Amino acid sequence: MQQFPNIMNPEDKEKWIKAGKIASEVREWSKSLIKPGAKLLDVANAIENKIREKGATPGFPVNLSLNEIAAHYTPVKDDTILLKDQILKVDIGVCFEGAIGDTAYTIDLSGKHQKLVEASQQALANATKVLRVGVTLGEIGKTVEETIMSYGFQPIRNLSGHGIAMYSIHTSPSIPNYDTKEKTALQKGMIIAIEPFASTGEGRIKEGGETVIFEELSHKAVRSPIARQVMQDIEAFGHVPFARRWLDEKYGVNKVSLALSQLKLNGNVHGHAPLVEISKGLVSQAEHTFLIDDEVVCLTK
Ligand code: CO
């Protein structure tokens, strides 16, 4: 049987339960922040601070992605975007002693796209029902695809759910959002995130816009003093993806731009650009993290 990195060590079980519980609490609490007139930057800071208040750290910067942006936007320092009538995806990661809970929801502030929100929610609910040891990735993808298409929308086929391991938010296997016919089966002990995306567009994303989320690749030595200093902060974030906003607040935008370009060139970090639907279709998302055991546990319920 193929070895996967997302098989939980039983000794870590309580950490996974705790990370999931905090993620769930922060998600529910955060819903009251999402209203017309709210500043996206304030929402992001409030969510990330709430995670810290609960004794955990962000497993990645909170993703607050609007309309045709499916994922990977988080506010920048001095961000001026205001919520008014957009479709907002809130994707929250909580890291507790290495275990990570990953959960997302969508709010439609326009009042016109509730069906789109329901499509990804229902796809997640239906995928949850087929989860068990031995279910194939193709079967999960087929459930997501059929549910979203039954609402008249397209699943985003080049975005997927994923395995999660300690300090590692994305591992194999990828959990598809359409019927890939893959015969790979879920194994007992796997931690996975299922995250259907539904779109009014073609159902594909591409990278677009300024990169605001980065991830550490290697600790290798770097010469420039500012890059070295920034590298220390990056390691203190806990070996998880980070927002350049977290650095900008400390060093200012210019120094951070310099440091990040040096760190990219040196192979220390890479960026995750915003992911935009190729036909500018609107996008909704729903996500939970699961432990695949004899009894499947939704960790972020
Ligand atoms: Co995820």
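What you see is a predicted model, and the numbers here were worked out from it, not measured in a lab.

(A) Representation of the sheet that holds strand β13 (residues 269-272) in the model. Sheet architecture is open: 3 strands sit in the order β12-β11-β13, paired in antiparallel fashion. For this open sheet the edge positions go to β12 (242-243) and β13, each flanked by a neighbour on one side alone. Direction of pairing for strand β11 (residues 213-216) relative to β13: antiparallel, over a ladder of 4 bridges. Residue pairing across strands places E216 opposite V269, the latter belonging to β13.

(B) Spotlight on unusual backbone geometry. Cis geometry marks the peptide bond from S172 to P173, where omega comes out at -5 degrees. Secondary-structure assignment places P173 in strand β7 (residues 168-175). The backbone of Y167 shows a phi angle near 60 degrees, a positive value even though the residue is not glycine. Within the element layout of this structure, Y167 appears in the loop between β6 (161-165) and β7. Judged by its relative accessible area of 42%, Y167 falls in the partly exposed class.

(C) Representation of the coordination of the cobalt ion. Surrounding the cobalt ion are the protein donor atoms D102 (OD), H162 (NE2), E195 (OE) and E287 (OE), at 2.1 to 2.4 Å. For the cobalt ion, the 4 donor atoms in the first shell make angles of 83 to 173 degrees at the metal, a pattern classed as irregular. All donor residues of the cobalt ion come from one chain, and their arrangement in sequence is D-x59-H-x32-E-x91-E. Taken together, the positions of D102 in strand β4 (residues 99-108) and E195 in the loop between β8 (190-194) and β9 (197-199) put the pair 93 residues apart, joining distant regions of the chain.

(D) Structural view of the state of the cysteines. Under the defined criterion, the tally for this structure stands at 0 disulfides. Free of any disulfide, C95 has its nearest cysteine sulfur in C298, 18 Å distant. Residue C95 is classed as buried on the basis of its relative accessible area, which comes to 5%.

(E) Structural view of the layout of surface pockets. Looking at the largest pocket, its volume works out to about 460 Å³. H72, H162, H170, E195 and H272 are the residues nearest the centre of the largest pocket, which is lined by 26 residues in total. Listing elements by their share of the lining of the largest pocket, those giving two or more residues are β1 (57-66), β7 and β11. Partitioning the lining of the largest pocket into residue classes produces 11 nonpolar, 10 polar and 5 charged. Put simply, the second largest pocket is a space of about 150 Å³. The wall of the second largest pocket is formed by 14 residues, among which R27, K31, A104, Y105 and Q121 lie closest to the centre. Those elements that provide at least two residues to the lining of the second largest pocket are α1 (13-30), β4 and α3 (114-130). It is α3 that contributes the most residues to the lining of the second largest pocket, 4 residues altogether. When the residues that make up the lining of the second largest pocket are grouped by side-chain class, the tally is 5 nonpolar, 5 polar and 4 charged.

Conventions we followed
Residues numbered from 1 in each chain as written. Predicted model: local features only at pLDDT ≥ 70, side-chain atom pairs only at ≥ 80, totals over all residues. Heavy atoms only, no water. Pairing = 2+ DSSP bridges. Helix = DSSP H or I, 4+ residues; strand = E, 2+ residues; numbered from the N terminus. Buried < 20%, exposed > 50% of the residue type's maximum accessible area, 1.4 Å probe, protein only. Donors = N, O, S within 2.8 Å, 3.2 Å for Na, K, Ca; no water. Tetrahedral: all angles 85-135°; square planar, octahedral: opposite > 155°, others 65-115°. Disulfide = S-S within 2.5 Å. 1 Å grid on protein atoms, 1.4 Å probe; cavity = no way out; pocket = protein on both sides within 12 Å on 5 of 7 lines; lining within 4 Å. Points joined across faces, edges and corners; volume = space filled by probe spheres on them. Nonpolar A, V, L, I, M, F, W, Y, C, P; charged D, E, K, R; others polar.

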